[in-house]
Amino acid sequence: MAEQTRTPHTRTASYLAEPGEVHRVLLLYSGGLDTSVMLKWIQDEYEAEVVALTVNLGQPGEDYDVVQGKALQLGAIAAEVVDAREEFASDFVVPAIKANAIYGLAYPLFTALGRPLIAKLAVDYARKHACDTIAHGCTGKGNDQVRIEATVATLAPELKVIAPVRGWQMGREEEIAYARQHGIPIKGGAEHTPYSIDDNLWGRSSEGRWIEDLDHAPDDDVFQLVTRPELAPDEPEVVTVEFERGVPVGLNGARLGIVELLERAAEIGCRHGVGIVDHIEDRIVGLKVRDIYEVPAAAIILPAHAELERLVGTIHQNQFKGELDRKWAYLVYAGLWWEPLRSDLDAYMESVNAQVTGTIGMKLYKGTARVVTRSSPNAVYDAALATFETSGGLFSQQASPGFIELWSLQSRMAHRLRTRQEG
């Protein structure tokens, strides 16, 4: 089977492993069909030892003892399971919140945020176990190969990479046949899931089947987290999110750690049908694709943060930061978490968010989440100035005509010149 599935090897990048260089492999292992077949295939094809690494970023419904046991059963010399939820939330999701990180007007970057952490941990555990190679299960059409391999090449130039799924030409039926031939356990006897799924604390994505047909409206079975809006409660709910220096620290008056806060926000959002995104996305590898996202926590926290930031920022800060937010999101989406510009931008995000303290109320109702209340000790807002009922103080209405004349001066001059030139 191995000889039939392997394509001629051509090294197109310096970090890709030649067959003779592979002796001990750190495999990013999920326990699913692809990575289970890879675990056995690497042992046979490269005559190499395999160390399995499974990273918990908050994927629901996983039994990590079962995953670990399966890896050892398939011949891994070690099987590590790392609970990285706290690191993911604190070091990756929180900076994304401070940067209001959205790619393509809709995608809150949950997979893009998880991959550099997973790859960093792969480097750490590869070094711990004296591995020479890291293996992942990404295909050649997605962004994740970019995020993982760019991270490995940046952090560990001494390590090589192999990506069997990208080159072995096995379809699902061939994988199932290989698994049965080699005694690899298959869930339910066939392990055929209708969608390709990725999920963590910050969201869930679904790809495949009818999702690739742009004329096909979403089928109900794709939504495994978020309640369909038409089935959500008939009564709205107001959720208050408290921030300190840009970091969410409380929900509905209860102070929470960041992981618990994200999980609780997701639960509330799911109940009210909040966070469904049907998105056309420009991948970094050049493809335009459709994804279905379920992002209940992000759908509450990101708009709450953005609103509080606008409340405490000046007009100039608010106009400028949006440009940097978009750049930050693009760098992370494109797999460049370790790019110095991203950390440079973080310095500005930290400076702006030093004032982002306060509480925002979000009203959730049948798939919508909108801001309804705002409060902050740092608000650049004065009700006495904003009201139309009185005048005076720091704002004099009598000063407005002079301001208008000066403010419009160049525009008025230019308009007259163009009118004269046009005859």
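Counting restarts for each chain, with residues numbered from 1 along the sequence as it is written. Local features are withheld for residues below a pLDDT of 70 in this predicted model, meaning they are given only at 70 or higher, and side-chain atom pairs are given and counted only at 80 or more; totals for whole chains, interfaces and linings count all residues. For the side-chain quantities, the full set of heavy atoms in the structure was used; hydrogens and water were omitted.

## Description of the overall build of the protein chain
Helices and strands together make up the secondary structure of the protein chain, namely 15 helices and 14 strands. With respect to the three principal axes, the spread of C-alpha positions in the protein chain is 85 × 55 × 45 Å. Looking at the protein chain as a whole, 48% of its 423 residues qualify as buried. Sequence separation of 24 or more characterises 72% of the internal contacts of the protein chain that already satisfy a separation of 6 or more. With residues, only the protein chains shown are counted as cover, and all accessible areas are computed by Shrake-Rupley using a 1.4 Å probe. Counting every atom, the protein chain has about 20700 Å² of accessible surface; 52% of that belongs to carbon and sulfur. Each helix corresponds to a stretch of at least 4 residues labelled H or I by DSSP, and each strand to a stretch of at least 2 residues labelled E; elements are numbered beginning at the N terminus. Accessibility here uses a 1.4 Å probe with only protein chains present; expressed as a share of the type maximum, an area under 20% marks a residue as buried, one over 50% as exposed, and anything in between as partly exposed. Any two residues having at least one pair of non-hydrogen atoms within 4.5 Å are treated as being in contact.

## Description of the nonpolar core
Within soluble globular proteins, side chains that are nonpolar tend to cluster in buried spots. As used in this record, nonpolar core signifies buried Ala, Val, Leu, Ile, Met, Phe, Trp, Tyr and Cys residues forming a set joined through side-chain atoms within 4.5 Å. Counting residues in each nonpolar core, the largest one holds 81 residues, and the members touching the most others are Leu 109, Leu 113, Trp 202 and Trp 328. Among the elements that line this core, the one with the most residues is helix 5 (residues 110–128), at 11 residues. If we ignore the near neighbours within four places in the chain, the residues touching Leu 109 are Ala 101, Tyr 103, Trp 328, Ala 329, Val 332 and Tyr 333. By size, the runner-up hydrophobic cluster in this structure holds 30 residues, among which are Leu 33, Trp 41, Tyr 46 and Ile 176.

## Some words on the environment of Leu 159
Positionally, Leu 159 belongs in the loop between helix 6 (144–155) and strand 5 (160–162). Sequence separation of Leu 159 and Thr 133 is 26 residues, and the distance between their C-alpha atoms is 5.4 Å.

## So, a nonpolar patch on the surface
Candidates for patches are residues over 30% relative accessible area with no salt bridge; among them, like charges are joined within 9 Å and nonpolar side chains (Val, Leu, Ile, Met, Phe, Trp, Tyr) within 5 Å. The term salt bridge refers to a side-chain nitrogen of Lys or Arg lying within 4 Å of a carboxyl oxygen of Asp or Glu. Together, Ile 284, Val 285, Leu 287 and Tyr 330 make up an exposed nonpolar region whose accessible area comes to about 290 Å². Position of Val 285 among the secondary structure elements: in the loop between strand 11 (276–282) and strand 12 (288–294). Look at Val 285 and you get partly exposed, because its relative accessible area is 35%.

## Looking at the sheet that holds strand 12
A sheet is described by the order of its strands in space; here four strands give the open sequence 6-7-12-11, paired in antiparallel fashion. Each edge of the open sheet carries a strand with a single partner, namely strand 6 (196–200) and strand 11. Between one strand and the next, the sheet's axes are offset by a mean angle of 25 degrees, whatever the strand orientation. Direction of pairing for strand 11 relative to strand 12: antiparallel, over a ladder of seven bridges. For His 279, the partnering residue across the bridge sits in strand 12 and is Asp 291. At least two bridges found by DSSP between two strands is the condition for calling them paired. For helices, the fitted line uses only the C-alpha atoms of the stretch in contact; every axis is such a line through C-alpha atoms, and the angle between N-to-C directions lies from 0 to 180 degrees.

## Examining the pattern of salt bridges
In total, this model carries 30 salt bridges according to the counting rule given. A salt bridge links Glu 309 to Lys 321; the nearest nitrogen and oxygen atoms lie 3.0 Å apart. One end of the pair, Glu 309, is in helix 10 (residues 296–312); the other, Lys 321, is in helix 11 (residues 315–333), with 12 residues separating them in the sequence. In this pair, the class of Glu 309 matches that of Lys 321, namely buried. Across the pair Lys 321 and Asp 325 runs a salt bridge, and its minimum N-O distance is 2.7 Å. Of this pair, Lys 321 and Asp 325 both sit in helix 11, four residues apart, roughly one helical turn. Across the pair, exposure class does not vary: Lys 321 and Asp 325 are buried alike. Put simply, Arg 115, Asp 144, Arg 147 and Asp 198 are held in one network by salt bridges that share partners.

## Description of the confidence of the model for the protein chain
Looking at the protein chain as a whole, its pLDDT mean stands at 92, while 94% of the residues score no less than 70. Note that residues 1–8 has pLDDT below 50 and, in this model, 16 contacts with residues that lie over four places away or in other chains. The quantity known as pLDDT measures the predictor's confidence residue by residue, on a range of 0 to 100.

## Points about the pairing of strand 11
Across the two faces of strand 11 the burial differs, with Val 277, His 279 and Glu 281 buried and Ile 276, Asp 278, Ile 280 and Asp 282 not buried at all. Here strand 11 folds back onto strand 12 in antiparallel fashion, the turn holding five residues, of which Gly 286 has a positive phi close to 105 degrees.

## Focus on the packing of helix 5 against helix 6
Two quantities define a packed helix pair, namely the angle between the axes and the distance from one axis to the other. At a minimum axis distance of 9 Å, the contact between helix 5 and helix 6 shows a crossing angle of 40 degrees. Considering the angle they form, helix 5 stands oblique to helix 6. Pair helix 5 / helix 6 crosses with right-handed handedness. Residues Thr 111, Ala 112, Arg 115, Pro 116, Ala 119, Lys 120, Val 123 and Arg 127 of helix 5 form the contact with helix 6, whose own contacting residues are Asp 144, Arg 147, Ile 148, Thr 151, Val 152 and Leu 155. Here the term charged refers only to Asp, Glu, Lys and Arg, the term nonpolar to Ala, Val, Leu, Ile, Met, Phe, Trp, Tyr, Cys and Pro, and the term polar to all other amino acids, Gly among them. Broken down by class, the residue content of the contact of helix 5 with helix 6 amounts to seven nonpolar, two polar and five charged. Any angle from 65 to 115 degrees is called roughly perpendicular, while one under 35 is roughly parallel, one over 145 is roughly antiparallel, and all others are oblique. With the far helix as reference, a near helix turned anticlockwise by less than a right angle produces a left-handed crossing, and one turned clockwise produces a right-handed crossing.

## Comments concerning helix 6
Residues separated by three or four positions in an α-helix point in the same direction, a consequence of the helix having 3.6 residues per turn. Along its 12 residues, helix 6 runs 16 Å from first to last C-alpha, staying within 8% of the 16 Å computed at 1.5 Å per residue. Asp 144, Gln 145, Arg 147, Ile 148, Glu 149, Thr 151 and Val 152 are the residues of helix 6 that are buried. Buried-residue contacts for helix 6 involve strand 1 (24–28), helix 5, strand 4 (133–135), strand 5, helix 7 (164–167) and helix 11. One less than the number of residues in a helix, times 1.5 Å, gives the span that helix is expected to have.

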